[in-house]
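# Architecture and fold: a report
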Amino acid sequence: MLSSIKRFRRIPKVARCVGFENLIPRSSYLLQKKTGILKWKTRPLLFDLSNYRRSTCFGDVSTKAFWKSKKERFFPTVNQQALKEIVPETHWEKQVTSLCNSAIDGKYNFFSRWEGELDWPPNFKLDPVHNSTWSTAHHWTHVKCSASPPTDIKLVWEASRLSLAYYLSREFVYSENEKCAEYFWELIESWIDQNPVNQTIAWSCGQEVSFRTMAILWGLFATLDSPSTTPDRLDRVHFLIWQAGKRIAATTDYAISQENNHSLSEATVLWTIGLLFPEFKESDTWKKLGKKILAKEMARQVYPDGSYVQHSFNYHRVMLDDLMWAIRIGELNNKRLPDLIYRKFSAATQWLGHFVDDQTGGVPNYGANDGANVLPLSCTDYSDYRPTLRAAEVIAGLKSEPTIDSKLNEKALWLTGKTPDELCKDRPNTWSAKNGGYHVLRSSQTRSMIRCGNYCDRPSHADMLHIDLWYRGINILRDSGSYRYHHSDTEVKNYFPSVKAHNTAQVKEFSQMTKGPSFLWLDWPSASYAIDSNDSEINFKGQAHIKTESVRYTHSRMIKQQARSLQVSDSIDSTKEFFIYWHLNGDFHWDQTTPGQWVGNTPDLRLTINIDGHQDAKFTKAPESLYYGETQDHWLLTLHTSQGVLNTHFQFD
């Protein structure tokens, strides 16, 4: 346990991590929650039918004519022929039809990957992993979980995001199967029946309300012409959309204080409701608030070089999905967002383009990954970032890399009605995002990403000087991921954000930063770097300066990258013993040929690792998480030395 003196000394550090300007709104939110003020401000009575009717000033909301006027200002529904031209039926069956059928059979898709038993219609209060349920209460601040302590809240939030609505509506368009429209409406009605306003855990987070609202709108407009879309159902959804806008608007200050994608998601939906539903008396206020937050937060959250504030590829995609929706909704309603937003969006899109693998669509498994897939509008794996990149490039007015895989254009087609203009891009052999601290070294066969920079915003993982290496589309040196945000096993929970889960150095048992409360890290490292290159090789020199409550040192890393090799030299400016961790693709079969040399083989690749320096070396299995809530093993080579320099040479044959 921390001493009282140490806790007191940490207060300024915690304040810096959170942001001094955010202390008041965060403290205010927590105080309002504790005292019951928040409960009073969002009490269900304020969201009831009588208040809704007083807030709806014109129109018969149950007629299709009323909704068709809105559909003209929403994303145009792609026609069946266009979809079938770009996505083969066999592939569609695997990626969309089978997922819909499984959900209707009671096996709901979680985090674009695995299935949980929820029955049909789904039980939205069930965590199928722990078989725990979340109650209905007078207010969401008093909702309880049947398990003690409560299980990971994301395992019950996921189904309530209603991502299935995207799949059912896409299947409805592709197959013209009327049952899909009926299933969509069964999904929505069952959610409404199980989740009275502000009385279940699904209402506890404004971002969750936002994602759900986007999914409902998407499915509604795609199935609007179906007989299943009845006046009563349209009436219920209209009421729900008003409740969603009112709920989101009640806590935007708290969303902003989190300094992450929450504020962007919530602002996007306020902007959307304000534009599409002018009949609500609050709509003009919501529209202006959404626009204001989007402009302010994009200015702060996206750095000049396009890096994103949350140091995560998954969250970078969430940000792009939010902004693609917001930008297009504005354009479709002749209300263009400020130019600053377009500039930031373009920079963030170009940033992502430097990391996406052309062959697989993969990116480094870097930073926090909560499994979010805001706009699942493509027949590709969750890990494939090409559909998002190509859609973003269309919206930003940028060219896309040529592809022969037409299904990569589905997301762009849904969001813009267009497919990308293509152009072969001449990529430099080195590229740095100095504000974010990302560096890309690109040879003819190999590509690496190195983390080296000074943090402007709080980090999520201890990974300074981590390197991610790709060879011919295979992620050789890799990040371990993040698994779950909440886990009953403290050792597992603490492993994934730790130094040991990354390809970098650790002095004894000390971390690169001091662990603070919740997700916070204190005592951030500083770093410097230099890069030079010629036609045959690229040289990178980086230094990470570690200064925590427990240890101080400088880690120096020199990297030489060539077409078929990577050499890494590590040293610590002290006599302290240190470890070097190398997380390797789990597909290799390893043999030690001589002391300090290992050869790994797959059917398609041979990798030789040579170690130079006084060291103890050990090959073990270690967990990695490519999808939220799921782990698998990969190889971990741990090098341990108490003196000098460690050199690691990777050679591909």
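Residues numbered from 1 in each chain as written. Predicted model: local features only at pLDDT ≥ 70, side-chain atom pairs only at ≥ 80, totals over all residues. Heavy atoms only, no water.

## With respect to the overall build of the chain
Along its length, the chain carries 20 helices and 23 strands. Taking 26 Å as the expected radius of gyration for a compact globule of 653 residues, we find that the chain reaches 25 Å, a close match to that expectation. Across its three principal axes, the chain shows a C-alpha extent of roughly 80 × 60 × 45 Å. Each of the 653 residues in the chain was classed as buried or not, and the buried ones make up 59%. Sequence-distant contacts in the chain: of pairs separated by 6 or more residues, those separated by 24 or more amount to 69%. Put simply, the chain shows about 25900 Å² of open surface, and 50% of that area lies on carbon and sulfur atoms. Of the side-chain charges in the chain, 77 are positive and 73 negative, and the distance between the mean point of each set is 7 Å. (Helix = DSSP H or I, 4+ residues; strand = E, 2+ residues; numbered from the N terminus. Rg over C-alpha atoms; globule rule 2.2 N^0.38 Å. Buried < 20%, exposed > 50% of the residue type's maximum accessible area, 1.4 Å probe, protein only. Contact = heavy atoms within 4.5 Å. Areas by Shrake-Rupley, 256 points an atom, 1.4 Å probe, with all protein chains shown as cover. Lys, Arg positive; Asp, Glu negative; His and termini not counted. Charge placed at Lys NZ, Arg CZ, Asp CG, Glu CD.)

## Quick look at the side chain of Asn195
Position of Asn195 among the secondary structure elements: in the loop between α10 (178–194) and α11 (206–222). A distance of 2.9 Å separates a polar atom in the side chain of Asn195 from the backbone oxygen of Trp191. When sequence neighbours within four positions are dropped, the list of residues in contact with Asn195 reads Phe124, Thr200, Ala202 and Trp203. (Polar contact = N/O pair within 3.5 Å; in protein donor to acceptor, adjacent residues only side chain to side chain.)

## A closer look at the pairing of strand β13 (residues 526–533)
Looking along a regular strand, one sees the side chains alternate between the two faces of the sheet. Note: β13 against strand β14 (residues 538–547), eight bridges, orientation antiparallel. Considered in β14, the bridge of Ser526 is made with His545. (Pairing = 2+ DSSP bridges.)

## Some details on the packing of α10 against helix α12 (residues 231–250)
Look at α10 against α12: their axes get within 11 Å of each other, and the N-to-C directions meet at 50°. Taken together, the axes of α10 and α12 are oblique relative to one another. As α10 packs across α12, the resulting crossing turns out to be left-handed. Residues Glu182, Trp185, Ile188, Glu189, Trp191, Ile192 and Asp193 of α10 touch α12, and the partners they reach there are Asp232, Arg233, Leu234, Arg236, Val237 and Leu240. Its residues assigned to classes, the contact of α10 with α12 shows seven nonpolar, no polar and six charged. (Axes fitted to C-alpha atoms, helices over the stretch in contact; angles between N-to-C directions. Parallel < 35°, antiparallel > 145°, perpendicular 65-115°, else oblique. Left-handed = near helix turned anticlockwise from the far one by under 90°. Nonpolar A, V, L, I, M, F, W, Y, C, P; charged D, E, K, R; others polar.)

## Brief notes about helix α7 (residues 89–104)
Most pronounced at Thr97, the bend in α7 amounts to some 35°. Every buried residue of α7 is listed here: Trp92, Val96, Thr97, Leu99, Cys100, Ser102, Ala103 and Ile104. For α7, the secondary structure elements touched by its buried residues are α6 (80–86), β1 (107–110), β2 (114–117), α9 (164–175), α10 and α19 (410–416). A positive backbone phi angle near 100° is found at Gly106, which sits one or two residues after α7. (Bend = angle between axes of the 7 residues up to and from the residue.)

Taken by themselves, the reported measurements are silent on function.
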